[in-house]
Structure formats: C-alpha cells, structure tokens
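# Results of the structural survey
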Amino acid sequence: SDAVAVGWSAWRLYFPSRWSLQCSRINCFVDFLVRGSVFLSLLGLATVCGNLLVIISIVYFKQLHIPTNYLILSLAVADLLVGVVIFPFSMAHTVTSCLYQENVFCKIRDWFDITLSTSSILNLCCISIDRYYAICNPLTYKTTVTVRVAGVMIFMTWSVAAMIGISIIIGGQGTCEEMCLVDVVLTNITGPILAFFTPALIMICIYLKIFFVAQKQRNTIQISISGTVSKMERKATKTLAIVMGVFLLCMMPYFLCIVFLPLASETPPFSLIEALNWFTLSNSMLNPFIYGFFYSWFRSACKVILSGQIFTGNFANTKLM
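Worth saying up front: this structure is predicted, and the values here are computed from it rather than measured.

## Some thoughts on the overall build of the chain
The helix and strand tally for the chain stands at 11 helices and zero strands. Counting from the amino terminus, the chain carries its helices and strands in the arrangement α-α-α-α-α-α-α-α-α-α-α. Taken across its 321 residues, the chain has 43% of its residues classed as buried. Expressed as a percentage of contacts within the chain between residues at least 6 apart in sequence, the contacts between residues at least 24 apart total 80%. Looking at the chain as shown, the accessible area adds up to about 17,600 Å², and 71% of this sits on carbon and sulfur atoms.

## Looking at the side chain of Thr118
Looking at where Thr118 falls in the secondary structure, it is placed in helix α3 (residues 103–136). We classify Thr118 as buried; its relative accessible area is 2%. When sequence neighbours within four positions are dropped, the list of residues in contact with Thr118 reads Ala161, Ile164 and Ala195.

## Quick word on the packing of helix α10 (residues 283–294) against helix α11 (residues 296–306)
Contact geometry of α10 with α11 gives a least axis separation of 5 Å together with a crossing angle of 105 degrees. Comparing the axis directions of α10 and α11 gives the class roughly perpendicular. Here Pro288, Tyr291, Gly292, Phe293 and Phe294 of α10 come into contact with α11, specifically with Ser296, Phe298 and Arg299. Of the residues in the contact of α10 with α11, the class split is five nonpolar, two polar and one charged.

## Regarding the pattern of salt bridges
Enumeration over the complete set of coordinates arrives at one salt bridge. Here Asp130 ties to Arg131 by a salt bridge, and the two come within 2.9 Å at their closest N and O atoms. Take Asp130: its relative accessible area is 0%, and that puts it in the buried class. The exposure class of Arg131 is buried, given its relative accessible area of 1%.

## What to know about α10
Over its 12 residues, α10 extends 17 Å from the first C-alpha to the last, a length consistent with the 16 Å expected when each residue adds 1.5 Å. Here α10 has its buried residues at Asn283, Ser284, Met285, Asn287, Pro288, Ile290, Tyr291 and Gly292.

## Describing the packing of aromatic side chains
As enumerated under the stated definition, the model contains 14 aromatic pairs in all. For the ring pair Tyr60 and Phe61, a centre distance of 5.0 Å and an interplane angle of 90 degrees mean the geometry is edge-to-face. Owing to a relative accessible area of 22%, Tyr60 belongs among the partly exposed residues under this scheme. Looking at Phe61, the relative accessible area reads 0%, which means it is buried. In this structure an aromatic cluster arises from ring pairing among Phe196, Phe197, Tyr254 and Phe255.

Cut-offs used in this document
- Starting afresh in each chain, residues are numbered from 1 along the sequence in its written order.
- Local features in a predicted model are, by the rule used here, given only for residues with pLDDT of at least 70; side-chain atom pairs are given and counted only at 80 or more, and totals for whole chains, interfaces and linings are based on all residues.
- Hydrogens and waters are ignored; side-chain quantities use all the structure's heavy atoms.
- By definition, any uninterrupted DSSP run of H or I lasting at least four residues is a helix, any uninterrupted run of E lasting at least two residues is a strand, and each is numbered from the N terminus.
- Only protein chains enter the accessibility calculation, which uses a 1.4 Å probe; a residue is then buried when its area is under 20% of its type maximum, exposed when over 50%, and partly exposed in between.
- The contact criterion used is simple: two residues touch if any of their non-hydrogen atoms lie within 4.5 Å.
- Only the protein chains shown count as covering a residue, and every accessible area follows the Shrake-Rupley method with a 1.4 Å probe.
- A fitted line through C-alpha atoms represents every axis, and for helices the fit uses only the stretch in contact; the resulting angles, taken between N-to-C directions, go from 0 to 180 degrees.
- Any angle between 65 and 115 degrees counts as roughly perpendicular, while under 35 counts as roughly parallel, over 145 as roughly antiparallel, and the rest as oblique.
- Residues are grouped as follows: Ala, Val, Leu, Ile, Met, Phe, Trp, Tyr, Cys and Pro are nonpolar; Asp, Glu, Lys and Arg are charged; every other residue, Gly included, is polar.
- Throughout this description, the term salt bridge denotes a Lys or Arg side-chain nitrogen within 4 Å of a carboxyl oxygen of Asp or Glu.
- Helices are assigned an expected span. That span is 1.5 Å times one less than the residue count.
- Stacked, tilted and edge-to-face pairs are distinguished by plane angle, under 30 degrees for stacked and over 60 for edge-to-face with tilted covering the rest, among Phe, Tyr and Trp rings (Trp via its six-membered ring) whose centres lie within 6.5 Å.

Shown next, in the form of structure tokens:
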C-alpha cells in the first residue's frame, strides 16, 4: 500500500506538470502559426492590391500606353501572380514545414517560383534595355523601341522564363521528404546562373553605361525642349534603376546562399532558408510603393481609381502628367 501511495503521489506531481509543459509548447506553436499566417496574409494582400493598381492604371489610362509602361505592366503581372499563386503555396510550405506534402506539391511550387522570379528579372532586363535607348539614343528611341517591339520583348521574357522553369524542374533531383528547400534549384547551380546572375550582370552593365552617358549629357548644352525631354527620361531611368536595385537587394542573399550551399559543411536551418525566400518574395510588394513615391502619374491614377471615378464616367483620356 505504501508503494502504491508513493507511486500515486509521484504520478500526480510529474504528469500534470509534464502535461502543462506540453500544453504550453503547443499553445506557443499555435500562436506562432496564427501570427505568422496573419502577417504573411497581409503581405500577400498588399502585394496583390499594389500591383493590381499598377495594372489598372496602365491599362485604363491612354496616356500611359507607351512601351516603357507596357514593360512595367508585364513586371506588375509577374508580381501580382507572386501574390496570388506563390504566397499561398509558400505560406503552407512555411507554416506546416512541409508536413503531409507530396513531391508534386513542391514541384508545382518550385516551377511557379522559378518562372515568376525569372520573369521578373528578365522584365527588368528589358526595362534596362529600354532605358539605354531612351538615354543613349534619344533621337532614334521612339522609332526603335515601339509598342510592337515591347510586345515582342514581353513575349520572349515569359517564354524564356517558362522554359527555364521547366528545364530546372526536369533536371533537378530531390524530394520534399527531408528538407523543404527549393530542391531542384539547390541541386543545380546552372539554374541560378541562367535565371538570376547572368541577367543581373547584364542589367548592371547597362545601367553603368547609362550612368556614364547621363553624366556626359549634363555637361553638354541642349535646347530647352530636348533638355526637358531628357530630364523626364532621366527621372524615369532613375526610378527604374531604384526598382532594379531593390530587386537585386532582395534576391541576392537567397541566390548567394544557393550557390555557396554545396561548400557548406552543414545544411543551413530550414528557418534561414525560408526567411531568405520570403525576403525575395517581399520584393513583389515593394515595387508599387516605389512607383507611388517617384511617379506622379501613378499617384494621380491611384486617386482616380480609389475614389471610384472610373466607375462613374470615362476618365481614360485624363492627363496624369
């Protein structure tokens, strides 16, 4: 009887405290999941709404129907799809740590992720080419970079991005069973080189060329009309250069991690990879804020759209600039 009494006392003292500790851990984990899901949902909502404003502005207002803005439209579509498609996949991926996820799920997520990321940087690459002709060849710019040329550039951008995504998925190996990384990218260094580093190097070289030409132009005497046009083009180039810089800042840490991962003695923790991945995804939310800060036409367009005026009359010919 004494042994039973001692055992009963020990059970009452040990198991309730252990059960309480387990409940505390579970509650903390659930709280983390809820807070994380809410934050990521708000991030995704801001991404969708911001890029939707950019798309509606360029499509609706006729004054904005120029080649440069069509390239910005293509970039906004890529960022919008990131918010609509990649964010839900990545939220499920992050929150569940890949529990109950099949290899097909990871393949689909990876293809969309790679394709849209590649499309974004290729769109930026096309924008840099557009800016190069606008600054370095202003006299022939309007006849060289036409709406049709911009359309061809956009078509090639999405086609190449889709092919790169498919080739990396097919050529990659690994599953989602051990670690929830973008396995097909991590196991293939060729992917980051084709999808990120090569276009990034091209953009940097083009913008450096633009910078030197712009500096040279400032030292030359221009007539007032051409000087005004040149000033507007330089402002647009500066804004798009900032967009490119923010993109590289958000993307570089993740792709550097991918490249140097094979040299690491230990695989980095899942939380680090996911944090870097979400840092890259957050870039899709930032572009509309950059446009709003630097582009007066975007601020004017947003006022008309958000006030609901486009539903009460025809404002397509409104002068925004």
